[in-house]
Amino acid sequence: LTKDHPMSVPLPRLPRALGLAARPLPLPPLHLVLGRLTRRLAGAHPTLLRRLGDHAARRFLLDPTDLPWVLLLHPGPATMTAHPRARPPAHDARIAGPLSAFLAMMHGAEDGDALFFSRDLTVEGDTAAVLALRNAMDDAELDLTEELAALAGPLASPLRRMLAGAERATGLHLHRAELGDLP
């Protein structure tokens, strides 16, 4: 269910070609980008860690099922790393589902509870930690496009345009949803 909308709207799916194109990407450069992004989020949104409380020490395995790798988020030291799907790292909680569900929840376009109840996202392990993470993300009102633009320096404007085009082409939520943006 979308926020303020009673009818469920199907989530867009990552085009299969993009998922396949991600397969050959080397993990070390991805680690650098993920690490910078995670440190940026922790620095720009200090309430994220405060809101997580004791759960900030947990390791969250984010499993976008339409990508070739999984992501390990460790909020306490503000790290995120990518790992081959066949060899997931040790973790306290796992959240799995299509990338579109993660992005929709992150940007407030879909309610996290609705995504879990509809099984668009599934949770294993420490569910209290997952709930704390979801609540912290809701409170922070994250915007992936703006966070990436902040890291891009002089390339921020072209990056925003590129991400807006990708959002239009795929239907994926790549920026924070405003009430007027919701279907």
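A. Focus on the pairing of strand β2 (residues 69-74). The element β2 is extensively covered by neighbouring structure, given that five of its six residues are classed as buried. As defined by bridge partners, strand β1 (residues 60-64) adjoins β2 across three bridges and the pair is classed as antiparallel. Within the sheet, the bridge partner assigned to phenylalanine 60 lies in β2 and is leucine 73. Count of turn residues in the β1/β2 antiparallel hairpin: four residues. As consecutive antiparallel partners, β2 and strand β3 (residues 79-84) are separated by four residues, and within that stretch alanine 78 has a phi angle of approximately 55 degrees, a positive value.

B. Layout of the packing of helix α2 (residues 27-44) against helix α7 (residues 144-152). The geometry of α2 relative to α7 is characterised by a closest axis approach of 10 Å and an angle of 105 degrees between their N-to-C directions. With respect to α7, the axis of α2 lies roughly perpendicular. Together, Arg36, Leu37, Arg40, Leu41 and Ala44 of α2 and Leu144, Glu147, Leu148, Ala150 and Leu151 of α7 make up the contact between the two elements. Split by residue class, the contact of α2 with α7 holds seven nonpolar, no polar and three charged.

C. Local environment of the sheet that holds β1. Strands sit in the order β3-β2-β1-β4-β5 across an open sheet of five strands; the sheet is mixed. Each edge of the sheet is formed by a strand with only one pairing partner; in this case those strands are β3 and β5 (122-125). Across the sheet, the axes of successive neighbouring strands diverge by a mean angle of 20 degrees, strand direction being ignored.

Definitions and limits used
- Residues numbered from 1 in each chain as written.
- Predicted model: local features only at pLDDT ≥ 70, side-chain atom pairs only at ≥ 80, totals over all residues.
- Heavy atoms only, no water.
- Buried < 20%, exposed > 50% of the residue type's maximum accessible area, 1.4 Å probe, protein only.
- Helix = DSSP H or I, 4+ residues; strand = E, 2+ residues; numbered from the N terminus.
- Pairing = 2+ DSSP bridges.
- Axes fitted to C-alpha atoms, helices over the stretch in contact; angles between N-to-C directions.
- Parallel < 35°, antiparallel > 145°, perpendicular 65-115°, else oblique.
- Contact = heavy atoms within 4.5 Å.
- Nonpolar A, V, L, I, M, F, W, Y, C, P; charged D, E, K, R; others polar.

It is worth stressing that arrangement in space is one thing and function is another; only the former is reported here.
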